[in-house]
Each structure stands twice: as structure tokens, then as C-alpha cells.
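Chain by chain, the residues:
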Amino acid sequence: MTRKTRVRFAPSPTGPLHIGGVRTALYNYLYAKQRGGDFILRIEDTDSHRFVPGAEEYIIESLRWCGIIPDEGVDENGKIVSEPCARHPHAPYRQSERRPIYRKYAEQLVESGNAYYAFDTAAELEAARSAAESAGQTFIYNYESRKHLRNSLTLSKEETERLLRETTTWTIRFKMPEDTVVEMDDMVRGHISVNSSTLDDKVLWKRADELPTYHLANIVDDHLMEITEVIRGEEWLPSLPLHFLLYKAFGWTETQPRFAHLPLLLKPVGNGKLSKRDGDKLGFPVFPLKWVSPEGEVSRGYREDGYFPEAFINMLALLGWNPGTEQEIFSLAELVKEFSIAKVSKSGAKFNPDKTKWFNKEYLRMKSDEELAALFEKDLAGRDVVASHEKVVGIVHLIKERATFVSDFWDIAWYLFKAPESYAEKDAAKFWKIENVEAASKVVERILSYEGAWVKEDLEKDIEEFIRANQWPMGKVMNCLRLALTGCGSGLGIADIVIFTGKEELGRRFAKAKETLNL
Ligand code: GLU
């Protein structure tokens, strides 16, 4: 029987979601949607020491901003579902609320001989660790050392039962088999085999907080939630043998999910994993949204930096997946159609902040003038600028090719909305020369009496013909006019500017420049 595809994104709320995590969520989503399957969000918060307030909400909001909407786990109000219902049959989706579920599974493994109770105190383990270190070794709780430690394999049944009753710091550990080759298949990495003797006896459940560790909770929940594929970051690859052995120990191999471990996101320069420090150093965010830590430390986000979610997602999709064609621009719907785990690379993907900007520029260009004008109007409102919608649409049309972000619009075209308050000294020294100013004055007069069609092409032609007929130096006169209009020597064409500011404003700005920059 073929099972319905069900995949999950299972972050731990230990801080803001790194863009690598967003990519994992995205690949899971694409994989599910391509197959008409379900994408589930599950919060893995069993490690209470690492819990960070606000991180869960941040994860949900990040996915929402990206358009990666879970089918299960989050309700319409953006909250993690706690009570089972038709749409969310496996609730709760927060592991801390699933606490009562796990103990019996851990006990089941003890009964079947795949796990045991361990009573070693933290101090005893520390002593074992330092003893090993002074002998030049590293301490591992494994098939060898467990024979000499305090656990249900070495203690009598009576003593074990007494300790279970009377103490509260014991744990249940997985009994890693000795010298067994674990054979595994990964959808990205192919066949992998590992000898179990290299692995340790991981803690599965802790009496102290009555909580499972990541490994147990993850396997139990993937089983109960009928997950068919586990698509996650490469950092989990070392856990794969244990996970395979856990499925075997539970007798769940028939329905065991397939695994795909995604390549790391690498630093733009040098080697290693992309970190927040790289972003700080090179000036780009590594988080989808701005994050303020409980200590008040602020981290930039792609949303607040002005990226379009479609551009962000498109960029992320191509970090590790190669469509095998030249195509670079993919909508989410196209990604759903084209994505394939078979084309995910084994090696890490270098993050490229310039390429990320390039994607945003491309998406900005693809947006309609109307849509961009609406966004620009929000920015203008914050600057107390009043302009007709028609004017804003016209300006956006004129400048959108020059912008990467909507926030660039103001920097490119602020002088179409207000007069300059000062003049760049260097440019003034270069362009505000007596002979040019005289010629420019005549051009201003000409424009003031211009009666042709009020369109850029006609006005431009008229100005240029006039300058040429008088044999004035075109560039110099234009720069002189531009200085009066914008306060510096660079910017849009004179006709473009005047069309939006109007003739009278040109007159006013030129008079003001003459007064301020008197020669
Ligand atoms: N909770 C793990 C994490 O934070 C999930 C790993 C997995 O997907 O199995 O990444």
C-alpha cells in the first residue's frame, strides 16, 4: 500500500530560525506539495534548558512570511495546536505537551532488552570522564564502559527496583549493540554503513524532568504522526544510525520513514558553516525576520531589510538544489513542480549575499508599477510626503530599474518630492561655473515658457535642441541644472525631473541655487 506523503519540519525553539532552517522547511514543503501530501510543523521543545521565549512564535511567523504554510500543527490564528481535531489529528504538536506519551515507549525498549536504566549521578559521570582523560582517553558511555557503571545491566534486580523507586535522577539509555554494522540509505547521500561499536549509549528518557531526549521523542513522534520522509539538515546525519536502530528496536521498520540529509549552508568566504557572525561581518542577515533576543540583542532579518519573500524563497531553494537548467527565477508554484531530492547536492552550498540582492532586484522589476507604488506610498507616508497616486506610479515606473529594494526608491528620487536643502560642495565647485549658469538660466526661461506636450520625450527634445542651437556644452549645462534641482551632480535626466516637479518648482529651485551659490 502506498502511503500518503507526510513530512514534517521539527525545529527546536532555541532562538530565531536560521536561514538554513527555513530552507529545510521549504524543501519539506515542496516535497509534500508536489505529491499532494501533508506538511506538518512540530515543535521539539523537550530540552527545557535551551528554550527561548518568543522563538516558537518567531518560527511560525517566519514560515507565514515565506508562504510555507503547514497543513497540520498550526491553527488559523498562528498557534500550535494542542487539542486533536479533524484537521490536526495528531495534536498536541508541541513535544512538551506530549510528555505522557514517551515514557511507555522508553520502558518498552527496556523490556525488550534494547535499553536499560542508568543510575550514575552527574558527579560519577564526571569522575569517569576525568579518569579517562588522565589516562589520555575520552570517556564514552558505551558497550564497553556500561559494564563498569551503575545501571540495570550491572546491578541486581532488587537494587535496580529500589533505585527506581527512591531516586529521581536516573535515565533510560539505549543499549547500543556491539560490533554490528548498521546499513542505511539516505536519499541524498546514498548508502551509508556504520559500525555500532563507534556509537554511544544515548540517553532516551530522563526521570528528573520526566521528559524524553530529542532522539526518543523524534522517532516516537515521526512514527505516531505517520511521517513518510524525514528531510533535515546534515548536522543530524551522525544520529542516523541510532535512529535506524530505534526503528528496529521498536519493530517499526515496515513504516520507517526514508531520510534525506541536506547539505550545509557555507560561509560566503572561507570554509565552514554560515553563521550569524559572517552576516554581521559582511553586512547581511542570516535570519528571515528581525529578532530581538531576551537580552535585547537585535539581529537583522530579510523581511525588515526589504526583501520580498518570493525572492528570499527563490534564493534559498537554489542553495543546495540544482534544477539542471539555466533557469534561476522560480515562483513557489514552479518550485513545487520542479523540485527534486535527487538533484540536491551532497556538498555544502556557499551562501552569496550579492546573489540574494540580485534575486530581489529581479523580483522588484517583475512587480507592477501599481504594486510598487502602493509599497512606496507607505514609505512616503512615514516621511510626511504628500503626492498624488498618479505621480507615485509614474516615478516608480521611471526608477524601478535602478532599485534593488523599495527602500531605494526614496534615495533615488527624493528630489522629485522636495527641494534640496544644500548643495554638495565638490559638485558645486565643479558644475556651478559662471558661463554654465548663464546658459542654464536661459534654459530655465525656455522651459518656463515651454508650451508643448508635457511628456518627457517632447520636453527633452526641446531642451536639447535649444542647447545645441546655442552651441552650449550639453553635459555642463545639464549638470548645472541638475545641481540646482537635486543638490548634486548626479541623478535622473533633467526632463525626467522637471516633468515630476513642474516648471514653477524648477524656477524656484534655480533661483534658490543662484542665491545660495552666488558667484
Ligand atoms: N529538533 C531538531 C532540530 O532542531 C529536528 C531534527 C530532525 O528534523 O529530526 O533541528
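Once a new chain begins, its residue numbering starts again from 1 and follows that chain's sequence as written. Owing to the predicted nature of the model, reporting of local features is limited to residues with pLDDT of at least 70; listing and counting of side-chain atom pairs is limited to 80 or more, with chain, interface and lining totals taken over all residues. Values shown for side chains rest on all heavy atoms present in the structure; no hydrogens or waters enter the calculation.

A. Seen up close, the overall build of the protein. In terms of regular secondary structure, the protein is built from 20 helices and 14 strands. Both definitions apply: the radius of gyration is a C-alpha atom measure, and the globule rule equals 2.2 Å times residues to the power 0.38. Against the compact-globule benchmark of 24 Å for 519 residues, the protein has a radius of gyration of 32 Å, which places it well outside the compact range. Across its three principal axes, the protein shows a C-alpha extent of roughly 110 × 55 × 40 Å. Only protein chains enter the calculation, and the probe is 1.4 Å; a residue is then buried if its accessible area is under 20% of its type maximum, exposed if over 50%, and partly exposed in between. Taken across its 519 residues, the protein has 50% of its residues classed as buried. Summed over its atoms, the accessible surface of the protein is roughly 24900 Å², and 51% of this surface lies on carbon and sulfur atoms. Asp and Glu are treated as the negative residues and Lys and Arg as the positive ones, with His and the ends of the chain left uncounted. Taken as the charge centre is NZ of Lys, CZ of Arg, CG of Asp or CD of Glu, depending on the residue. Side chains of the protein carry 71 positive and 80 negative charges; the gap between the two charge centres is 2 Å. Helix and strand labels come from DSSP, where a helix needs a run of H or I of at least four residues and a strand needs a run of E of at least two; each type is numbered from the N terminus. All accessible-area figures derive from a Shrake-Rupley calculation using a 1.4 Å probe, and residue coverage is judged against the displayed protein chains alone.

B. Just the site of the ligand, in detail. Neighbouring the ligand are the residues R8, A10, P11, S12, E44, Y214, N218, R232 and W236. For the purposes of these results, a polar contact is taken to be a pair of N or O atoms within 3.5 Å, where, inside protein, one atom must be able to donate a hydrogen and its partner to accept one; residues adjacent in sequence count only when each atom of the pair is a side-chain atom. Between the ligand and the protein, one listed contact pairs a nitrogen atom with a side-chain N or O atom of E44 at 2.6 Å. Between the ligand and the protein, one listed contact pairs an oxygen atom with a side-chain N or O atom of N218 at 3.1 Å. Here the ligand loses 85% of its free accessible area of 300 Å² to cover by the protein chains. In the scheme used here, Gly and all other residues not listed as nonpolar or charged are polar, with Ala, Val, Leu, Ile, Met, Phe, Trp, Tyr, Cys and Pro taken as nonpolar and Asp, Glu, Lys and Arg as charged. A breakdown of the residues in the shell around the ligand according to their chemical character gives four nonpolar, two polar and three charged. Consider each residue's heavy atoms; a residue with any of them within 4 Å of a molecule or strand counts as near.

C. Molecular detail of the pattern of salt bridges. The salt bridge definition used is simple: a Lys or Arg side-chain nitrogen within 4 Å of an Asp or Glu carboxyl oxygen. Applying the stated criterion across every chain yields a total of 45 salt bridges. The salt bridge involving R94 is made with E56; its shortest N-O contact spans 2.8 Å. Within this pair, whereas R94 is found in the loop between α2 (55–66) and α3 (99–111), its partner E56 is found in helix α2, the two being separated by 38 residues in sequence. Of the two residues examined, R94 and E56, each falls in the buried class. Measuring nitrogen to oxygen at the nearest pair gives 2.7 Å for the salt bridge that ties R509 to E505. With R509 and E505 both in helix α20 (residues 503–516) and four residues apart, this pair spans about one turn of that helix. Each of the two residues, R509 as well as E505, counts as buried. Among the charged side chains, a network of salt bridges with common partners joins R8, R42, E44, R98, D221 and D222.

D. Structural detail: the side chain of D462. Tracing the backbone through its elements, the reader meets D462 in helix α17 (residues 456–469). The exposure class assigned to D462 is buried, which follows from its relative accessible area of 17%. At a separation of 2.9 Å, a polar atom in the side chain of D462 contacts the side chain of R446.

E. Quick peek at the packing of aromatic side chains. Working definition: rings of Phe, Tyr and Trp (its six-membered ring) pair if their centres are within 6.5 Å, and the pair is stacked with planes under 30 degrees apart, edge-to-face with planes over 60 apart, and tilted otherwise. One pass over the full model with this rule turns up 28 aromatic pairs. Ring geometry for W65 against F312: centres 5.6 Å apart, planes inclined by 40°, an arrangement best described as tilted. A residue pair is termed long-range when its members are at least 10 positions apart, and W65 in helix α2 and F312 in helix α9 (residues 309–317) qualify at 247 residues. Considered together, W65 and F312 belong to a single accessibility category, that of buried residues. Each ring, one from W432 and one from F510, has its centre 5.7 Å from the other, and the planes form 50°; the classification is tilted. Residue W432 is found in the loop between α15 (425–431) and α16 (434–448), and its partner F510 is found in helix α20; the two are separated by 78 residues along the sequence. Among the residues examined, W432 registers a relative accessible area of 5% and is labelled buried. The class for F510 is buried, based on a relative accessible area of 4%. Through a chain of ring-to-ring contacts, the aromatic side chains of W65, Y302, Y307, F312 and F405 assemble into a single cluster. By the criterion adopted, a ring carries a charge over it if an Arg CZ or a Lys NZ lies within 6 Å of its centre and within 35 degrees of its normal. Taking the ring centre of F359 as reference, the NZ or CZ of K355 above it sits at 5.8 Å. Its end group placed over the ring of F308, K367 keeps NZ or CZ at 4.6 Å from the ring centre.

F. Representation of the packing of α3 against helix α7 (residues 240–250) in the model. Here, axes are lines fitted to C-alpha atoms. For helices the fit covers the stretch in contact, and angles between N-to-C directions go from 0 to 180 degrees. Their axes nearest at 10 Å, the elements α3 and α7 cross at an angle of 80°. Taken together, the axes of α3 and α7 are roughly perpendicular relative to one another. Packed against α3, whose contacting residues are Y105, Q108 and L109, the element α7 presents L246, A249 and F250 at the interface. What sets the label is the angle itself: under 35 degrees gives roughly parallel, over 145 gives roughly antiparallel, 65 to 115 gives roughly perpendicular, and the rest give oblique. By definition in these notes, contact holds between two residues if any of their heavy atoms fall within 4.5 Å.

G. Layout of the sheet that holds strand β8 (residues 211–212). By definition, two strands form a pair when at least two bridges between them are found by DSSP. Here we have four strands laid out as an open sheet, ordered β3-β4-β7-β8, and antiparallel in their pairing. Since the sheet does not close on itself, it has two edges, and those belong to β3 (115–118) and β8, each with one partner. The sheet contact formed by strand β4 (residues 171–174) and strand β7 (residues 203–206) spans three bridges and is antiparallel. In the strand pairing of β7, I172 is matched with W205.

H. A look at the environment of Y117. Following the sequence through the fold, Y117 ends up in strand β3. The exposure class of Y117 is buried, given its relative accessible area of 12%. Sequence-distant contacts of Y117, that is, excluding residues within four places in its chain, are made with E107, V110, N151, S152, T160, L164, W170, T171 and I172. Only 2.4 Å separates the side chain of Y117 from the side chain of E107, close enough to count as a polar contact.

I. Here's a closer look at the packing of α16 against α20. At a minimum axis distance of 9 Å, the contact between α16 and α20 shows a crossing angle of 160°. Taken together, the axis directions place α16 and α20 in an arrangement best described as roughly antiparallel. In terms of crossing hand, the pair formed by α16 and α20 is left-handed. Contacts between α16 and α20 pair V437, A440, S441, V444, I447 and L448 from the former with K503, E504, L506, G507, F510 and K514 from the latter. Across the contact of α16 with α20, the residue classes tally to seven nonpolar, two polar and three charged. By convention the crossing between two helices is left-handed if the near helix lies anticlockwise of the far one by an angle smaller than a right angle, and right-handed if it lies clockwise.

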